[in-house]
Number of protein chains: 2
Amino acid sequence: MEFSSKLLEDAVYEMSQLPGIGKRTALRLVLHLLKQPEQRTELLSNALSQLRNSVNFCSSCHNISDTELCEICSNSKRDETLVCVVEDIRDVMAIENTSQYNGLYHVLGGKISPMEGVGPQDLNIVSLIKRVKEGTVNELIFALSSTMEGDTTNFYIYRQLEGLAVTTSTIARGISIGDELEYADEVTLGRSILNRVPFESSIKAS
Amino acid sequence: MEFSSKLLEDAVYEMSQLPGIGKRTALRLVLHLLKQPEQRTELLSNALSQLRNSVNFCSSCHNISDTELCEICSNSKRDETLVCVVEDIRDVMAIENTSQYNGLYHVLGGKISPMEGVGPQDLNIVSLIKRVKEGTVNELIFALSSTMEGDTTNFYIYRQLEGLAVTTSTIARGISIGDELEYADEVTLGRSILNRVPFESSIKAS
């Protein structure tokens, strides 16, 4: 693509560095901004640089927060004996949206992936072990994605917890509620039969 | 979606104002920026605000340009008697990529669309008529999209040109080169038969 302006080329290049945004889409977005009032671009560019410069992570759970301790960690009504281990803050938002969980979180910031050069030292694992050692946590719930990387990360943390007085669990995997059996993938369906639950407890949950 | 940080919420909101970017995608993009070095965000935010603040449009054809007159308009090798009328600068880039056109352009900046509140006064039509009146232009090529709005705009300009010594043409519409007839839409196929060209001239063009 040949650009008639260096300024335009720079803006399109920087925009196309975002994931899932190619050169054409970047050009469309940048031209859209040019048609909008100047203020629009200013708001966007300020919001991005302010976030990047002043972003703060909760000192306990590593969730993004404007305060030293995030709203969840500082809420005395939440059960601090329960900690749900998640990959990133989108998972916190997803679980919060269910209104089914009243414990705290621990955001790892990714999962162990040798392919992408992410090792245990790149994740918030040391601080998780420290939280457990401090003694208030009774149960860790692993809620990472069920991929090779997720399983590796779960197992790595599990090994680090050896000898500590904490229960570990993982979220239930199975057929989604409302799904037809015939369309479910074989692995999930197979696991959901192996890991069947007593009928009485399934009634209670619903 | 509930955000744990006002800064994050603002950034996601501003990002989601871009066309085709919803809240979820905006969140993904913003979190990506947070994982990247700070410099990345700074480059993006600076490129956008610099473009918006210093953007300049060619005084003749309204293409985006860093100079008073764009590279195309100031190129003495180009045929200044030929002007191609297009909707926006993406069309200029598309035509330039073909390397088949050696004339100049005129960027309207949109098309007449009462539905979206765009009237002739919002487009660069007055300056186009002025260019024609100055007398160097022999032919105007209309290259707007063949929609109701494009046709309306073509016709509006055509009426404004009455009495001026200028030829008008539109780009050829027909079956794309390499396309199978059976998959072509009926309107295009019908028009391509009505507007058939002498076989000799089709040989010359290829």
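Residues numbered from 1 in each chain as written. Chains lettered and ligands numbered in written order. Predicted model: local features only at pLDDT ≥ 70, side-chain atom pairs only at ≥ 80, totals over all residues. Heavy atoms only, no water.

Chemist: What's the story with the packing of helix α3 (residues 38-54) of chain A against helix α3 (residues 38-54) of chain B in this structure? I'm lost.
Modeler: Packed helices, taken two at a time, are described by the angle between their axes plus the distance between the axes. The N-to-C vectors of α3(A) and α3(B) enclose an angle of 165°; their axes lie 9 Å apart at closest approach. One element, α3(A), and the other, α3(B), form an angle in the roughly antiparallel class. The two elements α3(A) and α3(B) meet at a crossing, and its hand is left-handed. Side by side, α3(A) and α3(B) meet where Glu38(A), Thr41(A), Leu44(A), Ser45(A), Leu48(A), Ser49(A), Arg52(A) and Asn53(A) of the first sit next to Glu38(B), Thr41(B), Leu44(B), Ser45(B), Leu48(B), Ser49(B), Arg52(B) and Asn53(B) of the second. Tallied by class, residues from the contact of α3(A) with α3(B) come to four nonpolar, eight polar and four charged. (Axes fitted to C-alpha atoms, helices over the stretch in contact; angles between N-to-C directions. Helix = DSSP H or I, 4+ residues; strand = E, 2+ residues; numbered from the N terminus. Parallel < 35°, antiparallel > 145°, perpendicular 65-115°, else oblique. Left-handed = near helix turned anticlockwise from the far one by under 90°. Contact = heavy atoms within 4.5 Å. Nonpolar A, V, L, I, M, F, W, Y, C, P; charged D, E, K, R; others polar.)

Chemist: Teacher, can you tell me more about the interface of chain A and chain B here?
Modeler: In many reports, interface size means the accessible area that the parts give up when they come together. If you look at the interface, chain A gives 51 residues, while chain B gives 51 residues. Summing both partners gives a buried area of about 5,100 Å² for chain A against chain B, and 68% of it is carried by carbon and sulfur. Summed over the three residues of chain A that lose the most area to chain B, namely Leu7(A), Leu48(A) and Arg52(A), the buried surface amounts to 14% of that side. Counting every contact that joins chain A to chain B gives two salt bridges. Between Arg40(B) and Glu14(A) there is a salt bridge; the shortest N-O distance is 2.7 Å. Counting the contacts that link chain A with chain B gives 17 residue pairs in polar contact (both at pLDDT 80 or more). For the side of chain A that touches chain B, the secondary-structure elements that each account for two or more residues are α1 (6-15), α2 (23-35), α3 and α4 (89-98) of chain A. (Buried area = accessible area lost by both parts, 1.4 Å probe. Salt bridge = Lys/Arg side-chain N within 4 Å of Asp/Glu carboxyl O. Polar contact = N/O pair within 3.5 Å; in protein donor to acceptor, adjacent residues only side chain to side chain.)

Chemist: Looking at this structure, I do not really get the relation of the copies chain A and chain B. What am I missing?
Modeler: Here the two chain copies are tied together by a rotation about an axis and a shift along that axis. Mapping chain A onto chain B leaves a residual RMSD of 0.0 Å; the transformation is a rotation of 180° accompanied by 0.0 Å of translation along its axis. Expressed as an axis order, the relation between the two copies is that of a two-fold axis. Among all residues of chain A, the one whose C-alpha sits closest to the rotation axis is Ser45(A), at a distance of 2.2 Å. (Least-squares fit on C-alpha atoms with pLDDT ≥ 70 in both.)

Chemist: Which parts of the structure should I look at to understand the nonpolar core?
Modeler: One broad rule of soluble globular proteins: the nonpolar side chains tend to lie buried together. Residues Leu8(A), Met15(A), Leu140(A), Leu8(B), Met15(B) and Leu140(B) are the most contacted members of the largest nonpolar core, which totals 108 residues. Leu140(B) has contacts with Val83(B), Val85(B), Leu128(B), Val132(B), Leu161(B), Val166(B), Thr167(B), Thr168(B) and Ser169(B), leaving out every residue within four places of it along the chain. (Core = buried A, V, L, I, M, F, W, Y, C linked by side-chain atoms within 4.5 Å. Buried < 20%, exposed > 50% of the residue type's maximum accessible area, 1.4 Å probe, protein only.)

Chemist: For this particular structure, what's the right way to read the domain arrangement of chain A?
Modeler: Once the domains are mapped, chain A shows domain 1 (6-54) and domain 2 (79-171). Between domain 1 of chain A and domain 2 of chain A, the C-alpha centre-to-centre distance is 35 Å. (Domains from an automatic or database assignment.)

Chemist: Looking at this model, I keep getting lost on the pairing of strand β3 (residues 139-142) of chain B. Mind explaining?
Modeler: Consecutive side chains along a regular strand alternate between the two faces of the sheet. All names here are of chain B. Note that strand β1 (residues 79-86) and β3 share four bridges and pair parallel. Paired with Val83 across the two strands is Leu140, which belongs to β3. For β3 and strand β4 (residues 167-170), the ladder comprises four bridges, and the chain directions are parallel. Within the sheet, the bridge partner assigned to Phe142 lies in β4 and is Thr170. Running through helix α6 (residues 148-160), the crossover from β3 to the neighbouring parallel element β4 is right-handed. (Pairing = 2+ DSSP bridges. Right-handed = clockwise from strand over helix to strand, strands pointing away.)

Chemist: I would appreciate a short explanation of the pattern of salt bridges in the present structure.
Modeler: A side chain with one charge can pair with a side chain of the opposite charge if their charged atoms come near. Residue and element names in this part refer to chain A. Scanning the model with the defined rule gives 14 salt bridges over all chains in all. Glu87 is paired through a salt bridge with Lys111; the nearest N and O atoms lie 3.6 Å apart. Taken together, the residues Glu87 in the loop between β1 (79-86) and α4 and Lys111 in the loop between β2 (103-107) and α5 (126-133) connect sequence positions 24 residues apart. Taking relative accessible area as the criterion, Glu87 reaches 19% and is therefore assigned buried.

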